[in-house]
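Letter by letter, the chains look like this.
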Amino acid sequence: MRALFVDANDTLAEVTDRLLRSQPLPVSINRNPSIKPDDLPGLLEGIEIMIVDHTAVPTAIAAKCAALKHVVFLGTGARSYMNPEELAERGIAVHTIKGYGDTAVAECAIALMWASAKNFGEMDRGMREGNWLRRDALQLTGKTLGLVGFGGIAAEAARMAAGCGMKVIAWNRTPKTHPGVEFVPLERLLAESHVVSLHLLLNDDTKGFLSRERIAQMRPGSILINTARGALVDEDAMLDALRSGHLAHAGLDVFTVEPLPPGHPLTKLPNVTLSAHSAFRTPEASDNLIGAALDHCRRIIASGR
């Protein structure tokens, strides 16, 4: 069995090369992160395992890849790029990777929280334009961080926030406990949190989870952080809340459409801090990610199926 990493950027290609030197596997690398879905059948001729980072894999395209039996998606959000159930019906198994970047993504969420609370983005833009733009800030010590969804990333964010002197509360779809974290009903979390940070997987049940009604339930003047998936949030409702001041600020690493189109309304608002879906981009997370992907390939090849 052979595998191909179909859309490797320079960083992930280098990591893959390095790890393959110490653990040889029949894995090739296509060093072109800009491929299109229509390119996949040609690239995957005779290939049973596809490693994919960010390229969409429509079911109709996958059906043209005659040898394809496995898709190893580099992350947890495969549903944003493909339909795993439809692929399974065609005999193509989708494998995802969890936990590889928990610390990296949590650090990004906390960094966006601080940047949002201190209005660093707006002041930076103003000063680059020659304006001595001063803004009042929110002091986070003693404030409440509400974590919506509680997996490995949220647990890391809770650890960091507690170290900053914040109170941490959380809501999860299934019952959980965690030291130093109080689990509360969602309505209470939204009403009490000075900062709400999203940590849910995207699926049919969570798409649009932070609806217009739930945004209205949030504490006036609160901050929204999203390092999970853009489609968890009703984007139009979020924009309205930012314009009205009901939301003081949003720190966003993920968006409904990526890359974020030029001129998007989010780019026009002063009370939004943006990063380009880069929360996971650290050397440590990249090593964990590619190492786990190669482990998947090793297991698949060993099974012969």
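As a starting point, this report considers the structure included with it.

Rules used throughout
Residues numbered from 1 in each chain as written. Predicted model: local features only at pLDDT ≥ 70, side-chain atom pairs only at ≥ 80, totals over all residues. Heavy atoms only, no water. Axes fitted to C-alpha atoms, helices over the stretch in contact; angles between N-to-C directions. Helix = DSSP H or I, 4+ residues; strand = E, 2+ residues; numbered from the N terminus. Parallel < 35°, antiparallel > 145°, perpendicular 65-115°, else oblique. Left-handed = near helix turned anticlockwise from the far one by under 90°. Contact = heavy atoms within 4.5 Å. Nonpolar A, V, L, I, M, F, W, Y, C, P; charged D, E, K, R; others polar. Disulfide = S-S within 2.5 Å. Expected span 1.5 Å × (residues − 1). Buried < 20%, exposed > 50% of the residue type's maximum accessible area, 1.4 Å probe, protein only. 1 Å grid on protein atoms, 1.4 Å probe; cavity = no way out; pocket = protein on both sides within 12 Å on 5 of 7 lines; lining within 4 Å. Points joined across faces, edges and corners; volume = space filled by probe spheres on them. Pairing = 2+ DSSP bridges. Core = buried A, V, L, I, M, F, W, Y, C linked by side-chain atoms within 4.5 Å. Polar contact = N/O pair within 3.5 Å; in protein donor to acceptor, adjacent residues only side chain to side chain. Salt bridge = Lys/Arg side-chain N within 4 Å of Asp/Glu carboxyl O.

### Considering the packing of helix α1 (residues 10-22) against helix α11 (residues 283-303)
Turning to step 1, where the next piece is worked out: One can describe the packing of α1 onto α11 by two numbers: an axis separation of 10 Å at closest approach and a directional angle of 55°. Looking at the two axes, α1 sits oblique to α11. For the pair α1 and α11, the sense of crossing is right-handed. Taking contact as the criterion, the partners of T11, L12, V15, T16, R18, L19 and L20 in α1 are, on α11, S286, D287, I290, G291 and L294.
Turning to step 2, where the next piece is worked out: Broken down by class, the residue content of the contact of α1 with α11 amounts to 6 nonpolar, 4 polar and 2 charged.

### Considering the state of the cysteines
Turning to step 1, where the next piece is worked out: As enumerated under the stated definition, the model contains 0 disulfides in all.
Turning to step 2, where the next piece is worked out: As a non-bridged cysteine, C164 has C108 as the owner of its nearest cysteine sulfur, 15 Å distant.
Turning to step 3, where the next piece is worked out: With no disulfide partner, C297 has as its closest neighbouring cysteine sulfur the one in C65, 16 Å distant.

### Comments concerning α11
Turning to step 1, where the next piece is worked out: The first and last C-alpha atoms of α11 sit 30 Å apart over 21 residues, in line with the 30 Å expected at 1.5 Å per residue.
Turning to step 2, where the next piece is worked out: Those residues of α11 not exposed but buried are A285, S286, L289, I290, G291, A293, L294, H296, C297 and I300.
Turning to step 3, where the next piece is worked out: Once α11 finishes, G304 follows within two positions and takes phi at roughly 75°, a positive value.

### As for empty space enclosed by the protein
Turning to step 1, where the next piece is worked out: For the structure shown, the criterion picks out 1 cavity of 30 Å³ or more.
Turning to step 2, where the next piece is worked out: Counted as a void, the largest cavity has a volume near 60 Å³.
Turning to step 3, where the next piece is worked out: Surrounding the largest cavity, N226, G230, V233, E235, M238, L252, V254, F255, T256 and L266 form its lining.
Turning to step 4, where the next piece is worked out: Its residues assigned to classes, the lining of the largest cavity shows 6 nonpolar, 3 polar and 1 charged.

### So, the sheet that holds strand β6 (residues 144-148)
Turning to step 1, where the next piece is worked out: Here 7 strands make up an open sheet; going across it, the order is β8-β7-β6-β9-β10-β11-β12 and the pairing parallel. Both edges of this open sheet fall to β8 (182-183) and β12 (272-274), since each of them pairs with a single strand only.
Turning to step 2, where the next piece is worked out: Relative to strand β9 (residues 195-198), β6 runs parallel, the two being bridged by 4 bridges. Paired with L147 across the strands is S197, a residue of β9.
Turning to step 3, where the next piece is worked out: Across the face of the sheet, helix α10 (residues 235-244) comes into contact with β10 (222-226), β11 (247-252) and β12 while running at roughly 130° to β11.

### Looking at the sheet that holds strand β3 (residues 49-52)
Strand pairing in a sheet relies on backbone hydrogen bonds, with the paired strands running either antiparallel or parallel.
Turning to step 1, where the next piece is worked out: Within the open sheet, the 5 strands sit side by side as β2-β1-β3-β4-β5. Their pairing is parallel. The sheet terminates laterally at β2 (27-29) and β5 (93-95), the two strands that pair on one side only. When the angles between neighbouring strand axes are averaged without regard to direction, this sheet yields 20°.
Turning to step 2, where the next piece is worked out: Taken together, the 4 bridges between β3 and strand β4 (residues 70-73) define a ladder with parallel strand orientation. By the bridge assignment, I51 is partnered in β4 with V72.

### A look at the nonpolar core
Turning to step 1, where the next piece is worked out: V27, L74, M113, L147, F150, V195 and I290 are the most contacted members of the largest nonpolar core, which totals 52 residues.
Turning to step 2, where the next piece is worked out: It is helix α5 (residues 102-118) that provides the largest number of residues to this core, a total of 9 residues.
Turning to step 3, where the next piece is worked out: L147 has contacts with A154, A157, A158, V168, I169, A170, W171, L189, S197 and H199, leaving out every residue within four places of it along the chain.
Turning to step 4, where the next piece is worked out: Among the nonpolar cores identified, the runner-up in size contains 32 residues, and V196, L198, M218 and L247 belong to it.

### Side note on the side chain of D7
Turning to step 1, where the next piece is worked out: Within the secondary structure layout, D7 lies in the loop between β1 (3-5) and α1.
Turning to step 2, where the next piece is worked out: Within the local environment of D7, its side chain forms a polar contact with the backbone nitrogen of D53, the two atoms lying 2.9 Å apart.
Turning to step 3, where the next piece is worked out: A polar side-chain atom of D7 sits 2.7 Å from a polar atom in the side chain of T55.
Turning to step 4, where the next piece is worked out: The residues touching D7, leaving out its near neighbours within four places in the chain, are N30, N32, P33, I35, I51, V52, D53, H54 and T55.

### What about the pattern of salt bridges?
Turning to step 1, where the next piece is worked out: Applying the stated criterion across every chain yields a total of 13 salt bridges.
Turning to step 2, where the next piece is worked out: Between D240 and R243 there is a salt bridge, with the nearest N and O atoms lying 3.4 Å from each other. You can see D240 and its partner R243 sitting in helix α10, 3 residues apart, about one turn around the helix.
Turning to step 3, where the next piece is worked out: The exposure class assigned to D240 is partly exposed, which follows from its relative accessible area of 35%.
Turning to step 4, where the next piece is worked out: Each of E14, R18 and D287 takes part in salt bridges that share partners, so that together they form one network.

### Remarks on the packing of α5 against helix α7 (residues 152-163)
Turning to step 1, where the next piece is worked out: Relative orientation of the contacting elements α5 and α7 amounts to 50°, with a least axis distance of 8 Å. Relative to α7, the element α5 is oriented oblique. Crossing geometry of α5 relative to α7 is assigned as right-handed. Of the residues in α7, those touching α5 at D102, T103, V105, A106, E107 and I110 are G152, I153, E156, A157, M160 and A161.
Turning to step 2, where the next piece is worked out: Looking at the contact of α5 with α7, its residues break down into 7 nonpolar, 2 polar and 3 charged.

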